[in-house]
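A look at the structure
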Amino acid sequence: MDDFQYHAPSSVDGVLSALRGADDGKVLAGGMSLLPVMKLAMAAPSDLVSLRNVPGLSDIEDHGHCLKIGACCTHAQVAASSVVRERIPALAAMAGRIGDPQVRNRGTIGGSVAHNDPAADYPAACVGLGATIITDRRKISSDDFFGSMFETPLEDDELVTAVCFPIVDGAAYAKFENPASKYAVAGVMVARDSDGVRVAVTGAGAGVFRVAEMEAALADDFSADAVAGISVSSDGLLSDNVAGAEYRAHLVTVMAKRAVEACG
Amino acid sequence: MPAVTMTVNGVSRSADVEGRTLLVDFLREKLQLTGTHVGCDTSQCGACVVHMNGQSVKSCTCLAVDADGADVTTIEGLANGADLHPMQKAFREHHGLQCGFCTPGMVMSAIDLVNRNPSPSEGEVRHWLDGNFCRCTGYHNIVKAVMAGADAMGGGS
Ligand SMILES: Cc1cc2nc3c(=O)[nH]c(=O)nc-3n(C[C@H](O)[C@H](O)[C@H](O)COP(=O)(O)OP(=O)(O)OC[C@H]3O[C@@H](n4cnc5c(N)ncnc54)[C@H](O)[C@@H]3O)c2cc1C
Ligand code: FES
Ligand code: FES
């Protein structure tokens, strides 16, 4: 791994100015995505700006209509949080199935959304639950935030500070995981609320996507049978040594059925 | 070069490191604590697991500079002289290792589990060891060892 200048400022402003002063600066949160990529020489930033000394980014707050989860909350913290388990159990369960315990002890929600790995779990949770991404300068709805693989509207010097998840009537996440890495081969978050139903898919495509046909069917009849006959097209889905595009398309329907059943 | 200071196995240790120095390289090369292993370059195998501020982490995927000020325990810090930690004893008694390459990471990970969940079920042990790969044993004896080690620890380290 190439060397870099390391910074560990103690405020959000300090992070922003370190990023602005760097040629190619990157934020370092849990490092569970960035460091592996740097070790494989697929990224070589000039500067790393660690969030470890920035206070106030690891809080979980209940705002009544939504939960605000600080960007540096680890997956382990979200999985174990009594507030999250009570208010949005599907989110706690999803976080508890990311990677392995050591990945969950270091990896953060902010890093996961900023990275937008096409096989990551949080993008489906955010889009499915209708979360809002909060940065140092603006609020971005999940539908606008998650682009194709690794793409987001974040500026080079922009910091995710929290993610707000609305409290919904019911939600569940079903994932068919890669047995070695635990990343989603296909993962589906289904959420039901007075506004309707949202179905978000990760792992299968080049980025998280919603399935309008399933959402409409579930709004009429919230049952596994309602989605059993709906399949997504395999055009443009991912294909690798674990699963081909057609198999992924099939898994989307199976995971959607399981998620609907688990919603109760 | 940034200077780092951390407590390793109860002793304060300082050194100058590069920004890119990984915690595992700091432990193995600067401190000669070679019990912590490196088994992959993809952050998946768990041979490098140590405890940092009471939690198990992959030391191959953590910068030494990010561990500045931390309290780190490695496999070398578990035994009390010749008296092995109960989890180490359990691995020996239950034949939880063959070549031993994965063992330091397995033991450190298992102790973190028992600290959180003093009497894990077999399923919980298997699920917890998701991030620790073993190429030799087939896992059965590792799981037995962890269950026995949990009993012997009597609810915490
Ligand atoms: C073995 C293994 C298995 C894994 N399995 C899964 C899995 O099953 N499911 C899953 O979803 N993920 C999985 N992951 C990824 C893991 O969840 C990562 O922790 C997470 O995606 C990134 O979070 P991080 O805090 O580690 O971010 P980092 O690696 O520190 O950063 C990732 C990227 O986000 C940027 N960034 C970080 N924080 C911020 C912020 N607050 N604002 C702006 N930009 C920021 C960084 O600059 C970098 O570009 C796995 C990782 C490993 C190593
Ligand atoms: S050496 Fe393989 S996970 Fe750290
Ligand atoms: S004992 Fe050889 S890798 Fe586990």
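Residues numbered from 1 in each chain as written. Chains lettered and ligands numbered in written order. Predicted model: local features only at pLDDT ≥ 70, side-chain atom pairs only at ≥ 80, totals over all residues. Heavy atoms only, no water.

Considerations on the site of ligand 1
Around ligand 1 sit 33 residues in total, of which Val27, Met32, Leu34, Thr108 and Lys182 of chain A are the nearest. Neighbouring residues of ligand 1 are not confined to a single chain but are spread across chains A and B. Interatomic distance of 2.8 Å between a backbone N/O atom of Asp121 of chain A and an oxygen atom of ligand 1. Protein contact buries 96% of the 970 Å² of open area that ligand 1 shows by itself. Secondary structure elements with two or more residues in the shell around ligand 1: β2 (25-28) and α7 (109-115) of chain A. Looking at the shell around ligand 1, you find at least three residues from each of domain 1 (5-50) and domain 2 (60-263) of chain A. (Near = heavy atom within 4 Å. Polar contact = N/O pair within 3.5 Å; in protein donor to acceptor, adjacent residues only side chain to side chain. Areas by Shrake-Rupley, 256 points an atom, 1.4 Å probe, with all protein chains shown as cover. Helix = DSSP H or I, 4+ residues; strand = E, 2+ residues; numbered from the N terminus. Domains from an automatic or database assignment.)

With respect to the nonpolar core
With 41 residues, the main nonpolar core has Leu91, Val113, Tyr122, Leu129 and Phe165 of chain A as its most contacted residues. Looking at this core, the elements with two or more residues in it are β5 (66-70), α3 (75-80), α5 (89-95), α7, α8 (122-129), β8 (160-166), β9 (170-177) and β10 (184-193) of chain A. Looking at which element gives the most residues to this core, the answer is α8 of chain A, with six residues. The contact partners of Phe165 of chain A, leaving out residues within four places of it in the chain, are His65, Cys66, Leu67, Ile69, Ile88, Leu91, Ile109, Tyr122, Ala125, Cys126, Leu129 and Ala131 of chain A. One finds Leu23, Met52, Val57 and Val65 of chain B within the second-largest nonpolar core, a separate group that totals 31 residues. (Core = buried A, V, L, I, M, F, W, Y, C linked by side-chain atoms within 4.5 Å. Buried < 20%, exposed > 50% of the residue type's maximum accessible area, 1.4 Å probe, protein only. Contact = heavy atoms within 4.5 Å.)

Some details on the sheet that holds β8 of chain A
Residue and element names in this part refer to chain A. Taken together, the five strands give an open sheet; going across it, the order is β4-β5-β8-β6-β7, and neighbouring strands pair in antiparallel fashion. Lying at the two open borders of the sheet, with one neighbouring strand each, are β4 (60-62) and β7 (139-141). In this sheet, adjacent strand axes meet at a mean angle of 20° when their direction is disregarded. For β5 and β8, the ladder comprises five bridges, and the chain directions are antiparallel. Each residue of the ladder has a partner; that of Leu67, found in β8, is Phe165. The strands touched by α8 within the sheet are β6 (132-135) and β8, with β8 carrying the most contacts at an inclination of about 50°. (Pairing = 2+ DSSP bridges. Axes fitted to C-alpha atoms, helices over the stretch in contact; angles between N-to-C directions.)

What is shown is where atoms sit, not what they do.
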